[in-house]
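Structural characterization, general
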Amino acid sequence: MSETIRVAVIDDHPLFREGVTRSLSEIDGFEVIAEGGSKDDALRIAQNLRPDIILIDISMPGGGLNAIGPILEASPSQKIIMLTVSEANDDVTGALKAGAKGYVLKGVGSRALADIIRTVADGDGYVAPTLSAKLLHNPSEPSNVDAIAALTAREHEVLKLVATGLSNKEVARKLDLHEKTIKHHMTQVMAKLDVNNRTEAAMVFRDAIDRRPIRD
């Protein structure tokens, strides 16, 4: 990926869409290459322009959640961030399971949004902390405590830090390891926990702690 992150903004409210576009355009390292207002727009832009990141609202013609599957089927490496007002558990879990890499609420500031986009562009996932907390108190699936217990000491150490919100790069610095080593450990962790991304792994870990404390 180039130094400049190419972004597409899909939202059916023109004023909000223009605001996001203007804010990102004023921050170094970002270029908004396309805008749209529907599921069909999202599919067309993803296929024709291949942006690094697509920001997609949920409530729009065709449904934002319905756009995730077709986009990833055509381009599995496409990174999608949901940017929405919806705090519903079903929407959050549905987006993550469909393959979205981030879930952000519309009240976020422009600088914070830019940081989140950078995080996802670097290969990490992101869910608004308030939503992660809600999911933990209202889990849609039972936690896999046995799978957590089956992690190696190093995998447990890495996952514990990831669950605090650190990126792979930050975990690597903290443990004095290479970032690619952290990514390898997280790949193993996600396979053992049977989850799709590091955000889901972190939620499983926190849920396990909430249900039955794990020894350090």
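All values derive from a computational prediction rather than experimental measurement.

1. Focus on the overall build of the protein
- For the protein, the count of helices and strands is 11 helices and six strands.
- Here the protein, with 216 residues, has 49% of them falling under the buried criterion.
- The long-range fraction of contacts in the protein, counting pairs at least 24 apart against all pairs at least 6 apart in sequence, stands at 66%.
- Of the roughly 10800 Å² that the protein leaves accessible, carbon and sulfur atoms contribute 48%.

2. A short note on the side chain of N197
- With respect to the helices and strands, N197 occurs in the loop between α10 (179-193) and α11 (198-211).
- When neighbours within four sequence positions are excluded, N197 is seen to be in contact with L96, A100 and M190.

3. Details of the packing of helix α3 (residues 64-74) against helix α4 (residues 89-98)
- It is the contact of α3 with α4, at a shortest axis distance of 9 Å, that shows an interaxial angle of 5°. As far as their axial angle goes, α4 and α3 are roughly parallel. From α3, L65, I68 and L72 reach across to α4, where they touch D91, A95 and A98.

4. A look at the environment of A74
- Inspection of the secondary structure assignment puts A74 in helix α3.
- On the accessibility criterion, A74 (56% relative accessible area) is exposed.
- Distance in space between the C-alpha atoms of A74 and L43 is 9.1 Å, their sequence separation being 31 residues.

5. A closer look at the pairing of strand β5 (residues 102-105)
- Burial of β5 is two-sided: the residues G102 and V104 facing one way and the residues Y103 and L105 facing the other way are all buried.
- Alignment of strand β4 (residues 79-84) against β5, held across four bridges, turns out to be parallel. Looking at the pairing, M82 lines up with Y103 of β5.
- Viewed along the sheet, the connection from β4 through α4 into β5 turns out right-handed.
- Regarding the hand of the β-α-β motif, the stretch spanning β5, helix α5 (residues 110-121) and strand β6 (residues 126-127) is left-handed.

Procedures and definitions
Per-chain numbering applies: the sequence of each chain, read as written, is numbered from 1 onward. For a predicted model such as this one, the threshold for reporting local features is a pLDDT of at least 70, and the threshold for listing and counting side-chain atom pairs is 80 or more; totals across whole chains, interfaces and linings nevertheless cover every residue. To obtain the side-chain values, all non-hydrogen atoms of the structure were used and water was disregarded. Helix and strand labels come from DSSP, where a helix needs a run of H or I of at least four residues and a strand needs a run of E of at least two; each type is numbered from the N terminus. Accessible area is worked out with a 1.4 Å probe on protein chains only. A residue is then buried under 20% of its type maximum, exposed over 50%, and partly exposed in between. Residue contacts follow a heavy-atom distance rule, with two residues in contact if any of their heavy atoms lie within 4.5 Å. All accessibility values rest on the Shrake-Rupley procedure with a 1.4 Å probe; residue burial counts only the protein chains present in the view. To get an axis, a line is fitted to the C-alpha atoms, and for a helix only the part in contact is used. The angle between two axes follows their N-to-C directions and goes from 0 to 180 degrees. When an angle is under 35 degrees it counts as roughly parallel; over 145 it counts as roughly antiparallel; between 65 and 115 it counts as roughly perpendicular; any other value is oblique. Being paired, for any two strands, means DSSP has found at least two bridges between them. By definition, the crossover connecting two strands over a helix is right-handed if that path, from the first strand to the second, turns clockwise as seen with the strands pointing away from the viewer.

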